[in-house]
Amino acid sequence: MADLELLSISKTFGHVTVLKDITLRVCDGEFTILLGPSGCGKSTLLRIIAGLEPQTQGAVRIGGDHVDHLSPRDRDIAMVFQHYALYPHFTVRENLAFGLKMRKERPHIIDGRIREAAQLLGIEDLLDRRPKDLSGGQRQRVAMGRAIVRQPKLFLFDEPLSNLDARLRASMRVELKKLHQRLRATMIYVTHDQVEAMTLGDTIVVMDRGRVRQVDSPSRIYSRPADPFVAGFIGSPGMNLLEGSLERQANAWCFRSGSLSLPLPPLSGTLPDSLASRTILGIRPEDILLRATDSRGTSVKAHVDVVEDLGADQVLHLNVGDRHLVVRAPQGERHGQGATLTLHLPYKSLHLFIDDRRLNWAEPDERA
Amino acid sequence: MTRRILLGVGILLTVGLSLFPFLWFVVTSLKTQKEVEAIPPTWWPSGSLDFYQSALVDHHLTDYILNSVLVAGSTTLLALGIGIPAAYALARLRLPGKVWILGALLSISMFPQLAIAGPVWQILERIGGLNTRWGLLLPYVTLTLPLAIWILASFFKELPAELEEAARVDGCGPWQTMIRVMVPLAAPAIFTAAILTFIYAWNEFFFALLILTQPERQTLPVGIALFQGEFTMPWGELAAASVIATLPLVILVVLFQRWIVSGLSAGAVKG
């Protein structure tokens, strides 16, 4: 086990820049998720950490040591691949043993490690089978076992659950979490699935177009997204993001977007000089209330345009003036198309971004 | 239905036409000299093994077989020994001009034998390879290597890259990755390349006739051609020798078919 440091990593393929100046620190024993849409460079970053791909610039340090000159086998890492990458000509036992054999580990130690890992993953009965005789979930377990027996400094996962069906994915997610709790190993996990990221990670690194957008705990990524991209990427349905401008009204600020005008609470920090800059106001569908409570906020009238019934709750697509808002109606409430509702937008749930940067309200945010 | 009947007839015709000469040889080889000369020819031989005895002992067929096994076996081993790493490198490593190398290889295999006969003869004369069995390896390996590399390289290309990466993370260098992971998975392609190389060297006539002058060093095709006397054509012995020469190939192909059918790489990745 060890910590991992990435120091201004950049990567270009020909003229295409895939990663731009990525600096990141992962603490010992932490489960870190690299999350982003496909093509954001997260897999490339993982492969650079593994040593499968050289970086164009920057340095990788594992456990404080520079590893840039080391090949993958000398970095003391283990990797679980998206398509499992089990050796088809070996049995499960041989698959698990291979990495240790290549490192000239003594046979009784290899046997012990295999037994331990097989027990941990519940694959003791499969040891003499070949990969082609295993189901997807079993292959996934073997792939993880192959990493576990190595007892590496660093576990790297490249979208390991993306080939499993939804039900299996959910149960493997829980097992992965348990596994991390037992091993307390440093794990880097690449995914584009925000549910995996939110449930598994101690820390989430949100990436977009080769840049790190935010590094934070899952709850802070959700409650205090650093920029509109993170705000829109996390959450389902995604956060309502309204583009508009700020106007001063008497002694308070007001956000104007089309025909919609919303008074805002006082801001902490100073506004940029030019108010012509890009201003975005965000609010999550689940944070919009259909009934005013005593929390401070602002109210608007809305018409129901489309209703998506999810069984447990409804997702309402609303027209507010000439703007469009998505609201998640609380359980038990049912609304029909064409209905008129009064929406309550609590101040504490509003997210203001100016020039892609988050601005906080002066009031302490109790959820942060 | 008519389509199926037509297809069946077509298959029967094709198989029958290609198998008939071989069948006729088998029949002839089991005849006695009297039956061979009979007019009209007899279809059912008496099952005599005289011609086999005569071919193997009187005509020194055993020597030719040994020579052929030696030459074809060495050609196959050499072609694979050079071809496997070459194909792996061409398929997997970042090499400049890969396409050109593969194209050049293909053009080598298209050279007419006659065009390179002179140069080969000169080279062998200079290095003392004339009238030696190892001297045959030079043209044989040269001419079989391109095909072997093409078969192997296209198979290596199809193997999932993740497997190689897994091997690298597990502690393999490039050679170990090739030998311990990629070569076992490429077994079907290796067997295909091996069998084609072996068949080529086993059947090759022209270079063997050109390079080997001493009869006791001759390989099977030339050896069998030498059966012919000045005034006689020993049909029975020729037939027996041809059956003996063909049998190993048939056995090899039947054995190797099993390898192609067993999809060894199934389960490597998804599916």
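None of the values given here were measured: they were computed from a predicted structure. (Residues numbered from 1 in each chain as written. Chains lettered and ligands numbered in written order. Predicted model: local features only at pLDDT ≥ 70, side-chain atom pairs only at ≥ 80, totals over all residues. Heavy atoms only, no water.)

Details of the overall build of chain A
Then step 1. The secondary structure content of chain A amounts to eight helices and 20 strands.
Then step 2. Oriented by its inertia axes, the alpha-carbon framework of chain A measures out at about 80 × 45 × 35 Å.
Then step 3. Relative to its full complement of 368 residues, chain A shows a buried share of 52%.
Then step 4. Intrachain contacts of chain A at a sequence separation of at least 6 include 67% that bridge at least 24 residues.
Then step 5. Total accessible area on chain A stands at roughly 16,200 Å², and carbon and sulfur atoms take up 47% of it.
Then step 6. Charge centroids of chain A, computed over 49 positive and 45 negative side chains, lie 3 Å from each other. (Helix = DSSP H or I, 4+ residues; strand = E, 2+ residues; numbered from the N terminus. Buried < 20%, exposed > 50% of the residue type's maximum accessible area, 1.4 Å probe, protein only. Contact = heavy atoms within 4.5 Å. Areas by Shrake-Rupley, 256 points an atom, 1.4 Å probe, with all protein chains shown as cover. Lys, Arg positive; Asp, Glu negative; His and termini not counted. Charge placed at Lys NZ, Arg CZ, Asp CG, Glu CD.)

Let's talk about the nonpolar core
Then step 1. By size, the foremost hydrophobic cluster in this structure holds 99 residues, and its most contacted members are Leu4(A), Leu156(A), Ile188(A), Leu61(B), Leu152(B), Phe156(B) and Phe207(B).
Then step 2. Look past the residues within four positions of Leu156(A) in its chain and what remains in contact with it is Leu46(A), Ile49(A), Ala50(A), Ile77(A), Ala78(A), Met79(A), Val80(A) and Ile188(A).
Then step 3. Tyr84(A), Leu96(A), Ala97(A) and Ile123(A) belong to the second-largest nonpolar core, a separate cluster that totals 44 residues. (Core = buried A, V, L, I, M, F, W, Y, C linked by side-chain atoms within 4.5 Å.)

Here's the deal with the sheet that holds strand 18 (residues 340-346) of chain A
Residues and elements named next belong to chain A.
Then step 1. Strand order across the open sheet formed by four strands is 17-16-15-18, with antiparallel pairing between neighbours. A strand with exactly one partner marks an edge of an open sheet, and here the two such strands are strand 17 (323-329) and strand 18. Taken pair by pair, the neighbouring strands of this sheet meet at an average axis angle of 45 degrees, ignoring direction.
Then step 2. Judged from the seven bridges that link them, strand 16 (residues 314-320) and strand 17 form a sheet pairing that is antiparallel. Among the inter-strand pairings, Val-320 is bridged to a residue of strand 17, identified as Arg-323. (Pairing = 2+ DSSP bridges. Axes fitted to C-alpha atoms, helices over the stretch in contact; angles between N-to-C directions.)

What about helix 8 (residues 161-170) of chain B?
Then step 1. The element helix 8 of chain B is largely enclosed, with a buried count of eight among its 10 residues.
Then step 2. For helix 8 of chain B, the secondary structure elements touched by its buried residues are helix 1 (42-50), strand 6 (77-80), helix 2 (92-102) and helix 4 (136-148) of chain A together with helix 4 (61-92) and helix 9 (174-185) of chain B.

A few points about the domain arrangement of chain B
Residue and element names in this part refer to chain B.
Then step 1. Taken domain by domain, chain B comprises domain 1 (1-48) and domain 2 (50-261).
Then step 2. Placing a centre on the C-alpha atoms of domain 1 and another on those of domain 2 gives a separation of 30 Å.
Then step 3. With 11 residues of domain 1 at the interface, the matching set in domain 2 holds 11 residues.
Then step 4. Buried area between domain 1 and domain 2, both sides added, is near 850 Å², and the carbon and sulfur share of it is 74%.
Then step 5. Its largest share of buried area at the contact with domain 2, domain 1 owes to Phe-22, Phe-25 and Ser-29, together 53% of the area lost on that side.
Then step 6. Viewed at the interface, domain 2 and domain 1 are joined by zero salt bridges.
Then step 7. The interface formed by domain 1 and domain 2 contains two residue pairs in polar contact (both at pLDDT 80 or more).
Then step 8. Broken down by secondary-structure element, the contributors of at least two residues to the side of domain 1 that touches domain 2 are helix 1 (2-29) and helix 2 (33-37).
Then step 9. Looking at the side of domain 1 that touches domain 2 residue by residue, the class counts come to five nonpolar, five polar and one charged. (Domains from an automatic or database assignment. Buried area = accessible area lost by both parts, 1.4 Å probe. Salt bridge = Lys/Arg side-chain N within 4 Å of Asp/Glu carboxyl O. Polar contact = N/O pair within 3.5 Å; in protein donor to acceptor, adjacent residues only side chain to side chain. Nonpolar A, V, L, I, M, F, W, Y, C, P; charged D, E, K, R; others polar.)

A few points about the environment of Leu318(A)
All names here are of chain A.
Then step 1. Counting through the fold element by element, Leu-318 comes out in strand 16.
Then step 2. The class for Leu-318 is buried, based on a relative accessible area of 0%.
Then step 3. Discounting chain neighbours no more than four positions away, the residues touching Leu-318 are Ala-302, His-303, Val-304, Asp-305, Arg-323, His-324, Leu-325, Val-327, Leu-341 and Leu-343.

Considering the pairing of strand 13 (residues 260-263) of chain A
On any regular strand, side chains alternate: one points to one face of the sheet, the next to the other face.
All names here are of chain A.
Then step 1. Burial along strand 13 is one-sided: the residues Leu-260 and Leu-262 are buried and none of Ser-261 and Pro-263 is.
Then step 2. Direction of pairing for strand 12 (residues 252-257) relative to strand 13: antiparallel, over a ladder of four bridges. Paired with Cys-254 across the strands is Pro-263, a residue of strand 13.
Then step 3. The antiparallel hairpin formed by strand 12 and strand 13 contains two residues in its connecting segment, where Gly-258 sits at a positive phi of about 60 degrees.

Section: the packing of aromatic side chains
Here the distance between the centres and the angle between the planes together describe a pair of aromatic rings.
Then step 1. Using the criterion set out here, one finds 15 aromatic pairs over all chains in the structure.
Then step 2. Centroid distance Tyr87(A) to Phe90(A): 5.6 Å. Interplanar angle 75 degrees. Geometry classified as edge-to-face. Phe90(A) carries the same exposure label as Tyr87(A), and that label is buried.
Then step 3. Plain terms: the ring middles of Tyr140(B) and Tyr200(B) are 5.8 Å apart, the flat faces sit at 80 degrees to each other, and that makes the pair edge-to-face. (Phe/Tyr/Trp six-rings, centres within 6.5 Å; stacked < 30°, edge-to-face > 60°.)

Thoughts on the pattern of salt bridges
Note that side chains of opposite charge can pair when their charged atoms are close.
Residue and element names in this part refer to chain A.
Then step 1. Applying the stated rule across the entire model yields 22 salt bridges over all chains.
Then step 2. Asp-128 is the salt-bridge partner of Arg-93, the closest N and O atoms lying 3.5 Å from each other. In this pair, Arg-93 is assigned in helix 2 and Asp-128 in the loop between helix 3 (107-121) and helix 4, connecting sequence segments 35 residues apart.
Then step 3. Taking the relative accessible area as the measure of exposure, Arg-93 reaches 34% and is therefore partly exposed.
Then step 4. By sharing partners, the salt bridges in this structure join Asp-3, Glu-5, Arg-25 and Arg-61 into a single network.

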